[in-house]
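# Report on the structure
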Amino acid sequence: MSERIKNLIIFLVLGLVIAAIVIAVNWKLEQPVAQRLCDGTFVASVLLLGMGGLKYVRNQGFFDVASYGISYTIHTVIPSMGPMQDEDLFSYKERKKEGRKPARDMILAGCAYLVLSGILFVIYQLTI
C-alpha cells in the first residue's frame with residue numbers, strides 16, 4: 001500500500017473519530033439521526049479542510065518569513081542559545097521546503113466528508 005493511500009485512510013479515520021465525538025456530544029438533544037450524522041460529518045469536513053488548507057499555505061512558504069524572523073530575533077536576544085545558522089531567508093525557505101509533506105490527502109478526506117455531509121443533509125431535508 002502506498003504512502004498516499006495510508007495517509008488518506010488515516011485522515012478518513014480521523015474524520016470518523018471527529019464525527020463520532022460530535023454525534024456523542026449531541027446525543028441527548030432531540031434531533032433526527034440524519035441531522036446528527038450530517039452535523040458530525042460537516043464538523044469533520046470543516047476541521048480536515050481547515051487543517052489541510054493551513055498545511056497547504058504553510059507548504060507554499062507563507063509562514064516562513066515570520067518563522068525566520070522569530071528565530072533570528074530569539075538568537076539575537078538570547079545569545080546563550082548559540083549562533084543562528086549562517087543562512088539568509090532564501091536558503092532558510094529552501095531548507096524548510098525539502099521536508100514538508102503535501103496536504104492533498106487531508107484535503108481529499110475533508111472533501112469526502114463534505115460530500116457525505118451534503119448527501120446526509122438532503123436525506124435529512126427529505127425526511128422532515
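Here the structure is shown first, and the text comes after it.
Please read these numbers as outputs of a predicted model, since none were measured by experiment. Along each chain, numbering runs from 1 in the same order as the chain's sequence is written. It should be noted that, the model being predicted, local features are given only for residues of pLDDT at least 70 and side-chain atom pairs only at 80 or more, the latter also being counted only at that level, while totals for whole chains, interfaces and linings use all residues. Remark: hydrogens and water are excluded; side-chain values derive from all non-hydrogen atoms of the structure.

Numbering of helices and strands runs from the N terminus, with a helix taken as a DSSP run of H or I at least four residues long and a strand as a DSSP run of E at least two residues long. A helix's residues, less one, multiplied by 1.5 Å, set its expected span. With 24 residues, helix 5 (residues 104–127) should cover 34 Å at 1.5 Å per step; its first-to-last C-alpha distance of 35 Å lies within 8% of that length. For every residue, the accessible area (1.4 Å probe, protein chains only) is compared with the maximum for its type, and the residue is labelled buried under 20%, exposed over 50%, or partly exposed between those bounds. If you check which residues of helix 5 are buried, you get Asp 105, Met 106, Ala 109, Gly 110, Tyr 113, Ser 117, Leu 120 and Tyr 124. Contacts are residue-level and defined by heavy atoms, with any inter-residue pair within 4.5 Å sufficient. Buried positions along helix 5 lie against helix 1 (3–25) and helix 2 (33–59).

In this section: a nonpolar patch on the surface. A cluster of nonpolar side chains, Met 1, Ile 5, Ile 9, Val 13, Val 17, Ile 21 and Val 25, forms an exposed patch at the surface whose accessible area comes to about 680 Å². As for its placement among the helices and strands, Ile 9 is situated in helix 1. Patch membership is restricted to residues that have no salt bridge and whose relative accessible area is over 30%. Joining uses 9 Å for like charges and 5 Å for the nonpolar side chains Val, Leu, Ile, Met, Phe, Trp and Tyr. Accessible areas in this description were obtained via Shrake-Rupley with a 1.4 Å probe; residue shielding takes into account the shown protein chains only. Each salt bridge in this description consists of a side-chain nitrogen of Lys or Arg and a carboxyl oxygen of Asp or Glu lying within 4 Å of one another.

As a further point, take the nonpolar core. Soluble, globular proteins show a tendency: their nonpolar side chains are buried together. Listed in full, the 8 residues of the largest apolar core are Phe 11, Ile 18, Ala 19, Ala 44, Leu 48, Met 106, Ala 109 and Tyr 113. Looking at this core, the elements that each hand over two or more residues are helix 1, helix 2 and helix 5. Apart from the residues lying within four places of it in its own chain, the contact partners of Ala 19 are Gly 40, Thr 41 and Ala 44. We define the nonpolar core as a collection of buried residues of types Ala, Val, Leu, Ile, Met, Phe, Trp, Tyr and Cys that are connected through side-chain atoms lying within 4.5 Å of one another.

The next point concerns the packing of aromatic side chains. In this scheme Phe, Tyr and Trp rings, the latter by its six-membered ring, pair at centre separations within 6.5 Å, and the angle between planes marks the pair as stacked below 30 degrees, edge-to-face above 60, and tilted otherwise. Counted under the stated rule, the structure contains 3 aromatic pairs. Between Phe 62 and Phe 63, the aromatic rings sit 5.2 Å apart at their centres with planes inclined by 85°, giving edge-to-face as the arrangement. Judged by its relative accessible area of 59%, Phe 62 is exposed. Over the face of the ring belonging to Trp 27 we find Arg 36, whose NZ or CZ atom lies 4.5 Å from the ring centre. The rule for a charge over a ring is simple: NZ of Lys or CZ of Arg within 6 Å of the ring centre, and within 35 degrees of the ring normal.

Tallying each qualifying case throughout the model produces 2 salt bridges. Ionic pairing is found between Asp 105 and Arg 4, a salt bridge with its closest N-O pair at 3.6 Å. Here Asp 105, found in helix 5, pairs with Arg 4, found in helix 1; they are 101 residues apart in sequence, far enough to count as distant. For the salt bridge of Arg 100 with Asp 64, the shortest nitrogen-to-oxygen distance reads 2.6 Å. In this pair, Arg 100 sits in the loop between helix 4 (89–98) and helix 5 while Asp 64 sits in helix 3 (residues 64–77), placing the two residues 36 residues apart along the sequence. The pair formed by Arg 100 and Asp 64 is uniform in burial state, with each residue classed as buried.

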